[in-house]
Amino acid sequence: QVQLVESGGGLVQPGGSLRLSCVASGSIFRIDNMGWYRQAPGKQRELVAAITSGGSTHYADSVKGRFTISRDNAKSTVYLQMNSLKPEDTAVYYCNAHIWVVAGAFGNYWGQGTQVTVSS
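Nothing here was measured: the structure is a model prediction, and the numbers come from that model.

Caption draft 1: Local environment of the sheet that holds strand 8 (residues 77–82). Read from one edge to the other, the open sheet built from four strands follows the order 1-3-8-7, with strand pairing classed as antiparallel. Each of the sheet's edge strands pairs with one partner strand only, and the pair in question is strand 1 (2–7) and strand 7 (67–72). Each strand axis lies, on average, 15 degrees off the axis of its neighbour in the sheet, ignoring direction. Here strand 7 runs beside strand 8; their pairing, made up of six bridges, is antiparallel. Note on strand 8: the bridge partner recorded for F67 is M82.

Caption draft 2: Representation of the state of the cysteines. According to the stated counting rule, one finds one disulfide in the structure shown. Here C22 connects covalently by a disulfide to C95, the sulfurs 2.1 Å from one another. For the disulfide bridge between C22 and C95, the dihedral angle about the S-S bond is near -80 degrees, and by the sign convention the bridge is left-handed. Of the two residues, C22 is situated in strand 3 (residues 18–26) and C95 in strand 9 (residues 91–101); the sequence distance between them amounts to 73 residues. You can call C95 buried: its relative accessible area is 0%.

Caption draft 3: Expanded view of the environment of G55. Position of G55 relative to the elements: it lies in the loop between strand 5 (46–51) and strand 6 (57–59). Spatially, the C-alpha atoms of G55 and M34 are 9.9 Å apart, while their sequence positions differ by 21 residues.

Caption draft 4: Molecular detail of a nonpolar patch on the surface. A grouping of F29, W100, V102 and F106 is seen on the molecular surface, where their side chains present a nonpolar patch of about 440 Å² in accessible area. If you trace the backbone, V102 turns up in the loop between strand 9 and strand 10 (106–110).

Criteria and thresholds
Residues numbered from 1 in each chain as written. Predicted model: local features only at pLDDT ≥ 70, side-chain atom pairs only at ≥ 80, totals over all residues. Heavy atoms only, no water. Pairing = 2+ DSSP bridges. Helix = DSSP H or I, 4+ residues; strand = E, 2+ residues; numbered from the N terminus. Axes fitted to C-alpha atoms, helices over the stretch in contact; angles between N-to-C directions. Disulfide = S-S within 2.5 Å. Buried < 20%, exposed > 50% of the residue type's maximum accessible area, 1.4 Å probe, protein only. Patch = residues over 30% accessible without salt bridge, like charges linked within 9 Å, V, L, I, M, F, W, Y side chains within 5 Å. Areas by Shrake-Rupley, 256 points an atom, 1.4 Å probe, with all protein chains shown as cover. Salt bridge = Lys/Arg side-chain N within 4 Å of Asp/Glu carboxyl O.

Treat this as a map of the structure, not an account of what it does.
Laid out in C-alpha cells, this is it:
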C-alpha cells in the first residue's frame, strides 16, 4: 500500500508565499514522475508542475516564474514553492506520483489534497 500525504497549505495574502510538501510512503520500489495539480471550485483539475526522477521540470504557463517544483528522492518527497501568489491560485492542491511498488505493480497515486487560499 502506498500513501501520499501533503502539508503546507493555508491562507496567505496576495503577493505572499507558501511551500507545499508531499511525502510518499509504503511498499515503494521506485518513484518516477511526481507532480502537483490543483482544482478550483467549479473548474477541472489542472496540472501545475511536474518533475521527473532525473529532475526535469514542467510548469503550467500560469505559474511559470512564480512556482518552483523540486524533489528529494532519498526522502520520497516532492515540494512546491509558491511565490507571488495571486487570488486566482486559490484551489485545492493535490500531489501526484507514478510509483512502482515492491510487488512489481505500477500505479498512479494521489494525495488527499491541501487547501491554498490567497486573499486579503
